[in-house]
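One-letter residues, chain by chain:
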Amino acid sequence: MTESAFNEPQEEFRTTQERVYYQVRDAILRGQFLPGKSVTIRGLAAELDCSPMPVREALRRLTSERALELSDTRRVTVPTMTREKLDEICAARVALECQAAEQALPFVGEVELEQLRALDDRVTRALASQDMQEYVTGNLEFHFTLYQLGRPHIILSLIESLWLQTAPLQHLVFQRFGVQELPDRHQDLIEAIASKDIQRVRTAIRQDIEEGLGSISAEELMQS
């Protein structure tokens, strides 16, 4: 891990603990924590320029979200992923994200559609150039920009937790095989949203999730 692994927060936080939580959470989503690698609390504190206490508290939150594991030796690792666990996460994401997208649908106008199209263009360019980090960032912003339109409360935090649990594994697969073969269902989703077709929206969301997570093989899980 290097200092560049952690983005500077885009907003002010009331406490160092909140800042550290945001930075570590963001680093997990961007693939800076990968299966098979571990770091220490003191090591993270040094990289984040703070004492071990806010790091410990931030990690406690992320552990409760099942994004990380904290061992008895105070080393931080990504939890092991199994096929059963991945299938369950995939099913949960489909249920929650379909609901979030449907909830957002009444709030999508022309301005919001143009924003989604711009984000999809960003994802398409990243796929074409095989830019893994840009793909991950654009894909994340596309989905959560849509979901946030529905003014969710409980649903969004649950979706974030599920993304945190799968992001390290997905990044590992991206590193080994690239992103050029990844499916992009965003155009189908945008067309469904524009026509206010709830069933098509749900189908596009389900296909996007299942084709992404479902493409991870048992062999890749064993190597993580």
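Residues numbered from 1 in each chain as written. Predicted model: local features only at pLDDT ≥ 70, side-chain atom pairs only at ≥ 80, totals over all residues. Heavy atoms only, no water.

Counted at 1.5 Å a residue, the expected span for helix 5 (residues 110-129) with its 20 residues is 28 Å, and the 29 Å between its end C-alpha atoms agrees. Among all positions in helix 5, only Leu-113, Leu-116, Leu-119, Asp-120, Val-123, Ala-126 and Leu-127 are buried. Buried residues in helix 5, looked at end-on, bunch into an arc of 140°, giving them a common side. Facing away from the buried surface of helix 5 by more than 90 degrees, the exposed residues are Glu-110, Val-111, Arg-125, Ala-128 and Ser-129. Packed against the buried residues of helix 5 are helix 6 (132-148) and helix 8 (186-194). (Helix = DSSP H or I, 4+ residues; strand = E, 2+ residues; numbered from the N terminus. Expected span 1.5 Å × (residues − 1). Buried < 20%, exposed > 50% of the residue type's maximum accessible area, 1.4 Å probe, protein only. Arc of directions from axis to C-beta. Contact = heavy atoms within 4.5 Å.)

Take the sheet that holds strand 1 (residues 38-40) next. Taken in spatial order, the 3 strands of this open sheet run 1-3-2, and their pairing is antiparallel. The two strands at the open ends of the sheet, each matched to only one other strand, are strand 1 and strand 2 (69-70). Pairing analysis gives 3 bridges linking strand 1 to strand 3 (residues 75-77), with the strands arranged antiparallel. Each bridged residue has a counterpart across the sheet, and for Thr-40 the counterpart in strand 3 is Arg-75. (Pairing = 2+ DSSP bridges.)

This paragraph deals with the packing of helix 2 (residues 41-48) against helix 3 (residues 52-64). In the contact formed by helix 2 and helix 3, the axes pass within 9 Å of each other and the chain directions differ by 115°. Taken together, the axis directions place helix 2 and helix 3 in an arrangement best described as roughly perpendicular. As helix 2 packs across helix 3, the resulting crossing turns out to be right-handed. Across from Ile-41, Arg-42, Leu-44, Ala-45 and Leu-48 in helix 2, the residues of helix 3 making contact are Pro-52, Val-55, Arg-56 and Leu-59. When its residues are assigned to classes, the contact of helix 2 with helix 3 shows 7 nonpolar, no polar and 2 charged. (Axes fitted to C-alpha atoms, helices over the stretch in contact; angles between N-to-C directions. Parallel < 35°, antiparallel > 145°, perpendicular 65-115°, else oblique. Left-handed = near helix turned anticlockwise from the far one by under 90°. Nonpolar A, V, L, I, M, F, W, Y, C, P; charged D, E, K, R; others polar.)

Model confidence for the chain is summarised by a mean pLDDT of 87, while 87% of its residues fall at 70 or above. Per-element confidence in the chain is highest for helix 8, whose mean pLDDT is 95, and lowest for helix 10 (residues 218-223), whose mean pLDDT is 59. (pLDDT = per-residue confidence, 0-100.)

All right, on to the pattern of salt bridges then. Under the definition given, this model contains 13 salt bridges. Among the salt bridges present, the one from Arg-25 reaches Glu-160, with a minimum N-O distance of 3.4 Å. Note that Arg-25 is positioned in helix 1 (residues 16-29) and Glu-160 in helix 7 (residues 154-177), a separation of 135 residues in sequence. Accessibility expressed as a relative area gives 17% for Arg-25, which makes it buried. Across the pair Asp-26 and Arg-30 runs a salt bridge, and its minimum N-O distance is 2.8 Å. Taken together, the shared-partner salt bridges connect Arg-122, Glu-134 and Glu-141 into one network. (Salt bridge = Lys/Arg side-chain N within 4 Å of Asp/Glu carboxyl O.)

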